[in-house]
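Residue-level structure breakdown
Spelled out, the chains give:
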Amino acid sequence: MMYLVALLIFFASMVSMHLLIGVLSIKRITIPAAFYLTYLFMIFVPSFYVYQDHPGSARDIYIIAVVSVLITVPLGIFFVNYLYKFKRVEIGNYFTARPFISSTLDVYPAIFFISIVSVFFTLYYFYQIPSIPIIEMIQGGDSHSLAVSREESFKLLDPRWGGGTYLFYVYLFLRTLIFPILIIITLGYFLYTKKRKWLYLFILVFCIGGFYAISQLSRAPIAAIIMRIIVFLLLFYRGNVSLKNIVIGAIIMIAYPLIVTMSYVSDRTVLEGIEAVIIRMTYTPAEDLYYYFEIFPSHHEYLYGETLIKPFLKLLEFDYFYIENYVALYISPGGLQSAHANAAFLSNFNADFGLVGVFLGGLTVAMLMQWLQIKILRKEKNIYNMSIYAFILYAIWVLNFGSLTSVLFVNGIIPVFILIWGIKVLVSFINLSLGKQKKLKFSRSCKVRPNFRTAT
């Protein structure tokens, strides 16, 4: 009966999502659609295997919470669509519109300056750490030494572990925010202007930022960069990208996680490595989420909002409950003391308020995703706007294995708007200082701002 009810909810949810945002139109992928489709494969489907593998009272609440997302997300999107009078045709209008640049300011000096500063801090980071994990992996380091190297090269730089450095926050945002945005913006301006200076700058930030992303043996950062490039190209070329090229991009995106996964077991075959990656991307996130329901409230009382305000407590250096570390040590008591077990956004809502928090959290997340989507679709389709679109799409996907507050702050949804605003201010300041406004050449077709509000 449980499987039958879940299946009926799934079909009703899928139909609703397609009517609301065209969730099955992959070449016109939206931010909520990217989250929803990946949630199905990463959490919803594997959660039933987790349900079978973990007998106990917690699993019933767990499966109810997981299935509830298929109801709360369409409801939240419907409410926002009604409130903002949003029509699905606006998605198609945005994708088919030609990208253009309305500003007459020369943005290159500002982007070049930010890129050079970012490269400087990255090189200083490599100078500061005791070893580079990717180099150790190439030299044939064993799994234990690689795990220790990963901790020492990044996580233990966090001041909360003692002996760290406040530059950790610079290094963190270089990885999660600054390099991804610089890579997309420089690529966009090169594709638009065809100027070599943009190509050279793109190569610089892509090579430095890409190596920085893979250097710590973390699977997600480089995959995030590749995913954002794919989404940006879909936007730039108005959805006219072949399915073959999308598949190739997806293969490139998972190539490095596969290499890292195979490196931890020397005699693992490619097929075994692929299987391990699939498990890591599906069953593992669903199982990590389950433990948050097993722990709260049976082994620890509800936190009543403490996880939601943790970033502010951490920023102000107040005491806070490090929930991801607590759960990691619960799962593996003999593991690394700095272990971190994050899980889908439901985890923190359950730890704070139980099922009520899960239901309200699902609605909140859905409304936030669709609100961001509408705001982006109704802006002019320029390089900045497309960069924000591509950046946020991945950040929202992180909700499948991260908390809402983490996605808003650490993964950059709020900081990306501040960064883009800062870039615009710097562009204006530099142009004012130079006393010039370098006009760009536009084609007649690119001068007209498309009407994104057209409805059927």
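Residues numbered from 1 in each chain as written. Predicted model: local features only at pLDDT ≥ 70, side-chain atom pairs only at ≥ 80, totals over all residues. Heavy atoms only, no water.

**Description of the overall build of the protein chain**
Regarding its fold elements, the protein chain presents 21 helices and zero strands. The C-alpha radius of gyration computed for the protein chain amounts to 22 Å, which stays within 12% of the reference 23 Å derived for 456 residues, consistent with globular compactness. Taken along the three principal axes of its C-alpha coordinates, the protein chain extends 65 × 55 × 45 Å. Burial status across the protein chain gives 52% buried among its 456 residues. Sequence separation of at least 24 residues holds for 75% of the intrachain contacts in the protein chain that already meet a minimum separation of 6. (Helix = DSSP H or I, 4+ residues; strand = E, 2+ residues; numbered from the N terminus. Rg over C-alpha atoms; globule rule 2.2 N^0.38 Å. Buried < 20%, exposed > 50% of the residue type's maximum accessible area, 1.4 Å probe, protein only. Contact = heavy atoms within 4.5 Å.)

**Description of helix α8 (residues 168-193)**
The terminal C-alpha atoms of α8, which comprises 26 residues, lie 36 Å apart, in line with the 38 Å expected from a rise of 1.5 Å per residue. The axis of α8 is deflected most strongly, by about 55°, at L174. Most of α8 sits inside the fold, with 21 of its 26 residues counted as buried. K194 sits one or two residues past α8 and shows a positive phi near 65°. (Expected span 1.5 Å × (residues − 1). Bend = angle between axes of the 7 residues up to and from the residue.)

**Focus: the side chain of S215**
Among the structural elements, S215 can be located in helix α9 (residues 196-215). Taking relative accessible area as the criterion, S215 reaches 1% and is therefore assigned buried. For S215, the contacting residues outside a window of four places in its chain are Y125, F126, I132, P133 and I134.

**Topic: the side chain of S47**
Of note, S47 is situated in helix α2 (residues 31-53). At 2.5 Å, the side chain of S47 and the backbone oxygen of F44 are in polar contact. With residues up to four places along the chain from it excluded, the contact list for S47 reads Y62, I63, V66 and A286. (Polar contact = N/O pair within 3.5 Å; in protein donor to acceptor, adjacent residues only side chain to side chain.)

**Description of unusual backbone geometry**
If a residue is not glycine, its phi is most likely negative; likewise, a peptide bond is most likely trans. A cis amide bond, omega 5°, links F296 with the succeeding residue P297. For P297, the position within the fold is in the loop between α13 (283-295) and α14 (310-315). The backbone of K194 sits at a positive phi, close to 65°, despite the residue not being glycine. Among the structural elements, K194 can be located in the loop between α8 and α9. Of note, the phi angle at R238 is positive, near 55°, even though the residue is not glycine. Examined against the element boundaries, R238 turns out to sit in the loop between α10 (220-236) and α11 (243-263). Residue class for R238 comes out partly exposed when judged on its relative accessible area of 26%.

**Comments concerning a nonpolar patch on the surface**
Residues M1, L4, V5 and L8 make up a contiguous nonpolar surface patch of roughly 440 Å² in combined accessible area. With respect to the helices, strands and loops of the structure, V5 is situated in helix α1 (residues 2-21). Residue classification places V5 among the partly exposed positions, given a relative accessible area of 39%. (Patch = residues over 30% accessible without salt bridge, like charges linked within 9 Å, V, L, I, M, F, W, Y side chains within 5 Å. Areas by Shrake-Rupley, 256 points an atom, 1.4 Å probe, with all protein chains shown as cover. Salt bridge = Lys/Arg side-chain N within 4 Å of Asp/Glu carboxyl O.)

**Structural notes on the pattern of salt bridges**
One pass over the full model with this rule turns up three salt bridges. For R378, the salt bridge identified is with E90, shortest N-O distance 2.9 Å. Taken as a pair, R378 in the loop between α17 (355-377) and α18 (383-397) and E90 in helix α4 (residues 89-96) lie far apart in primary sequence, 288 residues in all. There is no split in this pair, since R378 and E90 are both buried. E324 is paired through a salt bridge with K310; the nearest N and O atoms lie 2.6 Å apart. Linking E324 in helix α15 (residues 323-331) with K310 in helix α14, this pair joins segments that are 14 residues apart in sequence. In this pair, the class of E324 matches that of K310, namely buried.

**Notes on the nonpolar core**
The biggest cluster of nonpolar side chains holds 149 residues, and the ones touching the most others in it are Y389 and I392. Of the residues forming this core, the biggest block, 16 residues, is contributed by α8. Not counting chain neighbours up to four residues away, the residues in contact with Y389 comprise I29, T30, I31, Y94, F95, V231, L235, Q373, I376 and L377. (Core = buried A, V, L, I, M, F, W, Y, C linked by side-chain atoms within 4.5 Å.)

**Looking at the packing of α8 against α9**
At a closest axis distance of 9 Å, the pairing of α8 and α9 adopts a crossing angle of 155°. Viewed along their axes, α8 and α9 adopt a mutual orientation that is roughly antiparallel. Viewed along their axes, α8 and α9 form a crossing whose handedness is left-handed. Two secondary-structure elements touch here, α8 through Y171, L172, L174, R175, F179, L182, I183, T186, L187, Y189, F190 and T193 and α9 through W198, L199, L201, F202, V205, F206, I208, G209 and Y212. (Axes fitted to C-alpha atoms, helices over the stretch in contact; angles between N-to-C directions. Parallel < 35°, antiparallel > 145°, perpendicular 65-115°, else oblique. Left-handed = near helix turned anticlockwise from the far one by under 90°.)

**Observations regarding the environment of V50**
Within the secondary structure layout, V50 lies in helix α2. Residues V50 and N382, spaced 332 residues apart in sequence, show a C-alpha to C-alpha distance of 44 Å. Excluding its chain neighbours within four sequence positions, the residues that come into contact with V50 are Y62, Y283, A286, E287 and Y290.

**Quick look at the environment of M281**
Here M281 lies in helix α12 (residues 270-281). Classification of M281 by relative accessible area gives partly exposed; the value is 34%. The contacts of M281, once residues within four sequence positions are left out, are M42 and W397.

**A few points about the confidence of the model for the protein chain**
Looking at the protein chain as a whole, the pLDDT averages 90, with 94% of positions reaching at least 70. Of all secondary-structure elements in the protein chain, the lowest mean pLDDT belongs to helix α21 (residues 444-447), at 41, while helix α3 (residues 58-84) reaches the highest, 98. Within the model, pLDDT remains below 50 along residues 437-456, and this stretch shows 44 contacts once partners closer than five positions in the same chain are excluded. (pLDDT = per-residue confidence, 0-100.)

**Quick word on the packing of aromatic side chains**
Enumeration over the complete set of coordinates arrives at 36 aromatic pairs. Pairing Y166 with Y169 gives two aromatic rings, centres 6.4 Å apart and planes at 35°, and the pair type is tilted. Looking at Y166, the relative accessible area reads 55%, which means it is exposed. Since its relative accessible area comes to 28%, Y169 is described here as partly exposed. Taken together, Y125, F126, Y171, F179, F211 and Y212 form an aromatic cluster joined through their ring pairs. Of note, R59 hangs over the ring of Y51, and the distance from its end group to the ring centre comes to 4.1 Å. (Phe/Tyr/Trp six-rings, centres within 6.5 Å; stacked < 30°, edge-to-face > 60°. Lys NZ or Arg CZ within 6 Å of the ring centre and 35° of its normal.)

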